Structures are given as C-alpha cells and as structure tokens.
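# Observations on the model geometry
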Amino acid sequence: MRAARHCLSLAAVAALTGGLGGTFPGEGAYAENSLSTANRIVAVYRVNLGAFNLGNFRLTTVFRGDDYEMRGEGRFTILEGLIYEWKGVTASAGRVTSEGPEPAMYALSYSDGAKTGERLRMTFGDGGVRQVSIVPNRRPGPRTIPVTPEQLEGVLDPMSGAFLVAKSSNPNGDLKVCYQTVPVFDGRQRFNLVLTPKKAVTVKKNGPASYAGPAVICRVKFIPIAGYQPDNPAIKLMSRSNEIEVWLIPVRRTQMYVPYRIVLPTPVGYGTALVTSIQVGNARRASIDP
C-alpha cells in the first residue's frame, strides 16, 4: 500500500507541475504585443490515472509587460479520499526574454492523506538555479546520482517549462513547435524533455467551455540526468517509454501554444491531463505564494 501511495503521489506531483512541456523555438521571441492582448489565461485540466478520475488542476497565468506570474492548484482523490487524497499548490514567476522564459522563483507545497507533505522553494539568478529550500529536507538515497552546479545552469522550473511553451504565428497547428529540447530542474531531479512532431489533428468540443480547433501532437522523450536513483521503477518506466505525448493548442489572440492533453505511463496506469476549459481575459493579480 505504501508503494502504491508513493506512485500516486508521484503522478499527482507530475500533474500539478505540468510534468511535460516545451520552450521557445530558437528563432524569434515573444514580442510584448503578442502577450498584451492576453494578460490573463485560466486553464482547467481534468486529471485521470488509469480508470480513476483524480480531480482537477487549475492554472492561472498573468502577464504584466515582460513579467509573468503563474499559480496552479489541485486536489486529487480516489473514492472521495477514502483510498487516496492529495492537495497541492505550485507557483512560478519570472520574465519573458528574447531567449525564452527566464524564471526567478518556483515553489511547490503539497500534502496527502497519510499526513506527509513537502514545501519546496527555488530561486534563480544569472541564468541558473541559485538556492533550493525543501522542508522537510530528506537525505538522498545512497544510489542517487548527485546534481552538479553546472547542471543547474540554463534550466527551467517545471511550470515555466510546461506552460510558457512554443510560439508560432501560425494558429492552424504548427508542427514546428514540437522541435524542442527542454532542460528542467524540479528542485530534486534534473532531466531533459525532448519533443518531436507526431501529427496535426483537429480537436472537437467536449463541453460548453472546452476547446475546439487545431492541435499538434508531440512525442516526448524523458531523459533523466541527475538527482534520481537508476533503479527507481518510475524513472525506468518513463525513460524507456515511447508513449509519452503532449498535445499543444494555440491560444487565441496570442502566439502561444499550451498543453491541451498530456499522456504518460506510470507504475499504476496511464496518467492523463485534459483541458476542460480555457479562458483568455484581462489581468488580475495572481498570488505567487503557494
């Protein structure tokens, strides 16, 4: 039971923090006017694990000039918490530059029904991670591959890596947004996500506030680098899998593409996150304290 709860917690963290995503193409950057018409984007994702609906993840992104603030909240349960319950809040802040997103802060706070939890806060500066605080700070296992300072340069936090994603002036499903390698550090693990194009599709509306229109499907290869144990079953499964994918959709009135659907294997079944609503509007300040 303990192992199963651990797997569920890993899946919940992945869902809350985006888990997968992209960054900007090598050429071109977000011009300020490409964001000014979409000061606030709110997306709600339905998260499933195997046959279970775990709950919803709500992400709010606010742009103010070149600055961004993101806040995600999720509560995931099985049988209304009788078997499993997990609550979490995550946040990211930084600015958009000609080279892509430049995070300044990332935070994650979560707890589960077994009364275990964690508070993580990470700060960035001069293009790399500068400080990581984790409470409680559990000692890494003896087989954990250590993270070196050099591996923390030029990385993204999970939220900016997942949701400040591809840019394209083509709103009709541009497969070029899938040609990306994303360097990510989540406070413990350093890994790359390598995206390649699979195909373009058309999404049909599945609810009153849901999305309908073009989408591109990207294959995703998970490449662990450091901060993990090589014999970890979840890491082995993810790194060997060729079934991870992310669907990206254009956000109206912007040049942004954001995740519409994420699919990844876990030790307890396939995990999916699917957009059930997405709204674009005027800015209202989002708290960045989880």
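Note that the structure is predicted; figures quoted are calculated from it, not measured.

Reading guide: rules and limits
Residues numbered from 1 in each chain as written. Predicted model: local features only at pLDDT ≥ 70, side-chain atom pairs only at ≥ 80, totals over all residues. Heavy atoms only, no water. Helix = DSSP H or I, 4+ residues; strand = E, 2+ residues; numbered from the N terminus. Buried < 20%, exposed > 50% of the residue type's maximum accessible area, 1.4 Å probe, protein only. Contact = heavy atoms within 4.5 Å. Areas by Shrake-Rupley, 256 points an atom, 1.4 Å probe, with all protein chains shown as cover. Salt bridge = Lys/Arg side-chain N within 4 Å of Asp/Glu carboxyl O. Core = buried A, V, L, I, M, F, W, Y, C linked by side-chain atoms within 4.5 Å. Phe/Tyr/Trp six-rings, centres within 6.5 Å; stacked < 30°, edge-to-face > 60°. Disulfide = S-S within 2.5 Å. pLDDT = per-residue confidence, 0-100.

### A look at the overall build of the protein
Assigned secondary structure in the protein consists of four helices and 13 strands. Counting all 290 residues of the protein, 52% fall into the buried class. Taking the intrachain contacts of the protein between residues at least 6 apart in sequence as the baseline, contacts between residues at least 24 apart amount to 61%. Split by element, the accessible area of the protein, about 13,700 Å² in all, is 51% carbon and sulfur.

### Thoughts on the pattern of salt bridges
When charged atoms on two side chains of opposite charge get close, those side chains can pair. Applying the stated criterion across every chain, the model contains eight salt bridges. For Glu73, the salt bridge identified is with Arg71, shortest N-O distance 3.7 Å. Of the charged contacts in the structure, one is a salt bridge between Glu102 and Arg95, with a shortest N-O distance of 3.0 Å. A network of salt bridges, in which partner residues are shared, links Glu118, Arg138 and Arg188.

### Some words on the environment of Gly271
Relative to the helices and strands, Gly271 resides in strand S13 (residues 269-281). The residues touching Gly271, leaving out its near neighbours within four places in the chain, are Asn48, Leu49, Ile262, Val263, Leu264 and Thr266.

### Some points on the nonpolar core
Most often, soluble globular proteins have nonpolar side chains that are buried together. Judged by nonpolar contacts, the single largest core of 67 residues is most densely connected at Leu193 and Tyr260. It is strand S10 (residues 213-226) that provides the largest number of residues to this core, a total of six residues. Leaving out residues up to four positions away in the same chain, Tyr260 has contacts with Tyr45, Val203, Asn206, Tyr211, Trp247, Leu248, Ile249, Ala273, Leu274 and Val275.

### Observations concerning the packing of aromatic side chains
The geometry of an aromatic ring pair comes down to the distance between the two centres and the angle between the two planes. All told, the structure shown has eight aromatic pairs when counted by the stated rule. Between Trp86 and Tyr110 the ring centres are 5.3 Å apart and the planes differ by 20°, which places this aromatic pair in the stacked class. One end of the pair, Trp86, is in strand S4 (residues 84-97); the other, Tyr110, is in strand S5 (residues 100-112), with 24 residues separating them in the sequence. Exposure class is identical for Trp86 and Tyr110. Each is buried. For the ring pair Phe191 and Phe222, a centre distance of 5.2 Å and an interplane angle of 45° mean the geometry is tilted.

### Some thoughts on the environment of Ile134
Relative to the helices and strands, Ile134 is located in strand S7 (residues 128-135). Spatially, the C-alpha atom of Ile134 lies 8.7 Å from that of Met122, the residues being twelve residues apart in sequence. Contacts of Ile134, omitting those with residues within four sequence positions, involve Glu118, Arg119, Leu120, Gly187 and Arg188.

### Digging into unusual backbone geometry
Looking along the chain, the bond that leaves Val135 and enters Pro136 is cis, with omega of -5°. Among the structural elements, Pro136 can be located in the loop between S7 and helix H3 (158-163).

### Points about the state of the cysteines
Counted under the stated rule, the structure contains one disulfide. The residue that forms a disulfide with Cys178 is Cys218, at a sulfur-sulfur distance of 2.0 Å. Looking along the S-S bond of the Cys178-Cys218 disulfide, the torsion reads about -70°, which is the left-handed sense. Here the residue Cys178 occupies a position in the loop between H3 and strand S8 (180-185), and Cys218 occupies one in strand S10, the gap between them amounting to 40 residues. Cys218 carries the same exposure label as Cys178, and that label is buried.

### Points about the confidence of the model for the protein
Here the protein shows a mean pLDDT of 81. Residues at 70 or above account for 79%. Per-element averaging of pLDDT across the protein places helix H2 (residues 32-36) at the bottom with 39 and S7 at the top with 96. With pLDDT under 50 throughout, residues 1-13 is counted as low confidence; its partners more than four residues away or in other chains account for 24 contacts. Low pLDDT (under 50) marks residues 19-37, which in the prediction has 63 contacts with non-local residues, meaning those over four places away or in another chain.

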